[in-house]
Number of protein chains: 2
Amino acid sequence: MPGDMPRQSVIQWDAEDPLAALRERFVTDDLIYLDGNSLGRLPAATPEHLARLVRDGWGTDLVRGWPTWIEWPRRIGDRIAAHALGAREGEVIISDSTSVNLYKLAAAALDARPGRRTILADAEEFPTDRYLLQGLAAQRGHTLRMLPSDLDEGLDPATLEAALTEDVALVVLSAVSYRCGALLDIAAVTAAARRVGAYVLWDLSHAVGSVPVELTANGVDLAVGCTYKYLNGGPGAPAFLYVRRELQESLRQPIWGWFGQRDQFRMSADYEPAPGPDRFLVGTPPVLGMAALDPALDVLAVAGVDRVRDKSVRLGRLMIDLADAWLAPHGFHLASPRDQGRRGGHVSLRHPEALRISRALAAAGVVGDYREPDRLRLGPAPLYTRYVDVWDAMHRLRDIAERRAWTEVPAEPTRVT
Amino acid sequence: MPGDMPRQSVIQWDAEDPLAALRERFVTDDLIYLDGNSLGRLPAATPEHLARLVRDGWGTDLVRGWPTWIEWPRRIGDRIAAHALGAREGEVIISDSTSVNLYKLAAAALDARPGRRTILADAEEFPTDRYLLQGLAAQRGHTLRMLPSDLDEGLDPATLEAALTEDVALVVLSAVSYRCGALLDIAAVTAAARRVGAYVLWDLSHAVGSVPVELTANGVDLAVGCTYKYLNGGPGAPAFLYVRRELQESLRQPIWGWFGQRDQFRMSADYEPAPGPDRFLVGTPPVLGMAALDPALDVLAVAGVDRVRDKSVRLGRLMIDLADAWLAPHGFHLASPRDQGRRGGHVSLRHPEALRISRALAAAGVVGDYREPDRLRLGPAPLYTRYVDVWDAMHRLRDIAERRAWTEVPAEPTRVT
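Cut-offs and rules
Residues numbered from 1 in each chain as written. Chains lettered and ligands numbered in written order. Predicted model: local features only at pLDDT ≥ 70, side-chain atom pairs only at ≥ 80, totals over all residues. Heavy atoms only, no water. Axes fitted to C-alpha atoms, helices over the stretch in contact; angles between N-to-C directions. Helix = DSSP H or I, 4+ residues; strand = E, 2+ residues; numbered from the N terminus. Parallel < 35°, antiparallel > 145°, perpendicular 65-115°, else oblique. Left-handed = near helix turned anticlockwise from the far one by under 90°. Contact = heavy atoms within 4.5 Å. Nonpolar A, V, L, I, M, F, W, Y, C, P; charged D, E, K, R; others polar. pLDDT = per-residue confidence, 0-100. Phe/Tyr/Trp six-rings, centres within 6.5 Å; stacked < 30°, edge-to-face > 60°. Buried < 20%, exposed > 50% of the residue type's maximum accessible area, 1.4 Å probe, protein only. Lys NZ or Arg CZ within 6 Å of the ring centre and 35° of its normal. Lys, Arg positive; Asp, Glu negative; His and termini not counted. Salt bridge = Lys/Arg side-chain N within 4 Å of Asp/Glu carboxyl O. Polar contact = N/O pair within 3.5 Å; in protein donor to acceptor, adjacent residues only side chain to side chain. Core = buried A, V, L, I, M, F, W, Y, C linked by side-chain atoms within 4.5 Å. Least-squares fit on C-alpha atoms with pLDDT ≥ 70 in both. Buried area = accessible area lost by both parts, 1.4 Å probe. Pairing = 2+ DSSP bridges.

Trainee: I'd like a rundown of the packing of helix α4 (residues 72–85) of chain A against helix α10 (residues 293–303) of chain A, residues and numbers included.
Mentor: All names here are of chain A. Running from N to C, α4 and α10 cross one another at 20°; their axes reach a closest spacing of 10 Å. The orientation of α4 relative to α10 falls into the category roughly parallel. As for how α4 packs across α10, the hand of that crossing is left-handed. Residue-level contacts link Arg-75, Ile-76, Arg-79, Ile-80, His-83 and Ala-84 of α4 to Leu-293, Asp-294, Leu-297, Asp-298, Leu-300 and Ala-301 of α10. Partitioned by chemical class, the residues of the contact of α4 with α10 number seven nonpolar, one polar and four charged.

Trainee: Any details on the confidence of the model for chain A? Residues and values, ideally.
Mentor: For chain A, per-residue confidence averages 96 on the pLDDT scale, and residues scoring 70 or more make up 98% of the total. In the predicted complex, the global pTM is 0.97; the interface-specific ipTM is 0.96.

Trainee: Summarise the packing of aromatic side chains; cite the residues concerned and give the values.
Mentor: With the rule as written, the count across this model stands at 21 aromatic pairs over all chains. Ring centres 4.9 Å apart and planes at 80° place the aromatic pair Phe126(A) and Tyr178(A) in the edge-to-face group. Highlighted residues: Phe126(A) in the loop between β3 (118–122) and α6 (127–140) and Tyr178(A) in the loop between β5 (168–174) and α8 (186–195), separated in sequence by 52 residues. A residue is classified by how much of its surface remains accessible, and Tyr178(A), at 2% relative accessible area, is buried. Ring centres of Trp258(A) and Phe259(A) lie 5.1 Å apart, and the angle between their planes is 90°; this geometry places the pair in the edge-to-face category. The two residues Trp258(A) and Phe259(A) agree in class, both being buried. Lying across the ring of Trp13(B), Arg314(B) places its NZ or CZ 4.2 Å from the centre.

Trainee: Lay out the side chain of Lys229(A) with the relevant residues and their values.
Mentor: Residues and elements named next belong to chain A. One can find Lys-229 in the loop between β7 (222–225) and β8 (240–243). Among buried charged residues, Lys-229 stands out as having no salt bridge; its nearest opposite-charge side chain is Asp-369, 7.4 Å away. Of note is the side chain of Lys-229, whose polar atom sits 3.2 Å from the backbone oxygen of Asn-37.

Trainee: Lay out the nonpolar core in plain terms, naming residues and giving numbers.
Mentor: Judged by nonpolar contacts, the single largest core of 150 residues is most densely connected at Leu85(A), Trp202(A), Leu204(A), Leu85(B), Trp202(B) and Leu204(B). Counting residues in each nonpolar core, the second largest holds 82 residues, with Leu105(A), Leu251(A), Trp256(A) and Ile255(B) among its members.

Trainee: Just give me the short version of the relation of the copies chain A and chain B, but keep the residues and values in it.
Mentor: Superposing chain A onto chain B takes a rotation of 180° combined with a translation of 0.0 Å along the rotation axis, leaving an RMSD of 0.0 Å. Accordingly, the operation relating the two chain copies is best matched by a two-fold axis. Interface residue correspondence from chain A to chain B reaches 99%, placing this contact among same-surface, isologous pairings.

Trainee: Provide a residue-level description of the interface of chain A and chain B, including the pertinent values.
Mentor: Opposite the 73 residues of chain A that make contact, chain B presents 73 residues. Interface area, chain A with chain B, both sides summed: about 6,300 Å², of which 71% is carbon and sulfur. If you look at where chain A meets chain B, you find zero salt bridges. Taken together, chain A and chain B are joined by 31 residue pairs in polar contact (both at pLDDT 80 or more). Looking at the side of chain A that touches chain B, the elements with two or more residues in it are α2 (46–61), α3 (66–69), α5 (98–111), α6 and α9 (287–291) of chain A.

Trainee: Before we move on, could you go through the pattern of salt bridges and cite the residues and values that matter?
Mentor: All names here are of chain A. Taken as a whole and assessed by the stated rule, the structure comprises 63 salt bridges over all chains. In this structure, Arg-75 engages Asp-294 in a salt bridge whose closest nitrogen and oxygen atoms are separated by 2.7 Å. Of the two residues, Arg-75 is situated in helix α4 and Asp-294 in helix α10; the sequence distance between them amounts to 219 residues. Under the relative-accessibility criterion, Arg-75 is labelled partly exposed at 31%. A salt bridge links Arg-116 to Glu-166; the shortest N-O distance between them is 3.6 Å.

Trainee: Tell me what's going on with the pairing of strand β13 (residues 375–378) of chain A, and back it up with residues and numbers.
Mentor: Residues and elements named next belong to chain A. Taking every second residue as pointing to the same face, both faces of β13 are buried, with Arg-375 and Arg-377 on one and Leu-376 and Leu-378 on the other. Judged from the four bridges that link them, strand β10 (residues 347–350) and β13 form a sheet pairing that is antiparallel. Note on β13: the bridge partner recorded for Leu-349 is Leu-376. Looking at chain direction, strand β12 (residues 369–371) and β13 are connected through three bridges and run antiparallel. If you follow Arg-371 over to β13, its bridge partner there is Arg-375. Here β12 folds back onto β13, and the loop between the two strands holds three residues.

Given below as structure tokens:
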């Protein structure tokens, strides 16, 4: 019985965890940090790595560092492709923010499907995706159809299938929903859209580094994602984008910057998109932000995303089992898919006082986060979250529930995903 | 006679330079670095400032750091406004790259001038500006008219005036030309465009931190610029954008990201642009990149951009005087406006072997850069370049010229602005 599960047995799981040693490769403290799906922890090697770049690269090499740095959008993109995405070389680049990348690839896909006027998205999609598509639809006279979706279970694939007509140019979906953590079947959705000639642009922000998305095997055409969550790239780290190799030459993104230009330093009169993935670059890439990704990817490479997923599933199951046993009696409801095959790395719990509970929990040394309208979102990160952390967090949450400790906490929002 | 100017007298200028002490606030070495207009030197306070942010902010505060960081696009934008741009609070934000900002503001300006079909730009404009406008023109069916411009003297204001018709929606110009350093009369150009109802979008990349652009006093509507040149923000540092306060509510940029949304964390269904300059934000801002700007701006604030300009003019004049005396006899020609009132902070010299000369100069311990087709571009930065550095650089250049030392150097390109 999970409710009777003694702390000691969970400590034993940690002792047997093949990823346990990797926790030492992060800066940790007594805080139980269950917001690695919002901003991942600092890898222990990152401070010195960045300090060296600042001192030797910027400070000493100065502008002579650029022949090295200019390769980084592709070099680090290739590392993410290999270690996190199951994609091939030359398909992933680091560039801009997730939002700007969404804009670029969505616009490119719409241009590649002239005559089609419909864009599909999940009505419960993360705000920036929804807003960007509203903008593109408004600017082009397209119709953005928001598909009804369950707050706890995510989008029903049947709803999507029913909406896939010959007028659909583009479908934008998160592989893992930011709120409930619902995990979509990437291969099935991509194939269904392809049958009607529509592109799917995947937002991998909550999936990358947590779920093996296997872009090549799943036949994915387009994807974007952020690197500051499970990839531990740091606050506001630059984003990535993926375009299937065979598709690159046929797509053209709307922001024609000099880093997307063929033979950039010839500075020719007319814009001509670079061959390969560089055509999706725009301006000068953020060297400090990119640099922070290398030590973080080193840890992920050692772990392997399949082992990350195995532990992630087990962490989630432990969390749900304990919530069922300890929290359900106090008015908490699971707000994520129960089936682990349909759930990403985080778990949401529903409670009318979720906002104040998240604050009380933080005061008790456990950082999760709150999501509208009434969700407590808990994101264990397998590279550094221990099973005992989950046990302790749920135990403290039970204590808060029993004491109704949130009644002492004021309510007002903030927080960044 | 400048040609007879002894090194000792230039050393005396340094002794009397009111900005001399600020050189200690940068990491310097024996290298004579005349590429501060491409990538500025590392401020001495930056490594520890960044290390603290990484350790205490990212490492310890983690996601709880966001209530602070989220203010930085505006807070640091306001600092740039005050210390470098002569702009008011709430008019400047840090966001994206210069290229993406150009795209956003150019698109916003075109939308605000429906019915007008012409965009004007300098045919010798920096590539990213030209390419972005080509893209916007192609996407919207506008006409991009490239104004003929002198490679050495920049755009003749009369050429622009003659092109300003009632069909012009937007003019995009660099306040200081990236190649020859020509400085335009910001107030006069802005007023001339306004007379026909056109917007001017200024690219301040080569001006900011070097020339007092006085955006408020000069009536400027729109501007963008980069922070890695004279603002010393580091390689690939995030860019800024400026929109005159009175104009903000009437403009809407095309990339509708969640950081541009009113009441962002309410995550409402429909995009509604935030009041004020935040509406020009898009995605999650780059915290590491923004952080590096603070110590750099501290130095500029002490110097004051007017004193920077005074020294910049004098550094440039010294360079030109020595080039006239020492280099003209060896086939070098000034490729920048001679009149200091029409010249920004850098000086270009023309020579058929400029590429190889720039390499020979680097081998002699002086970093400048090469620009197509045959320019050696030298950018002293008043905060850390001494008069004696200019004297020594020109002296070594004379030595290279006398020995025709470039004949030993291979020719092939690279280099980033």
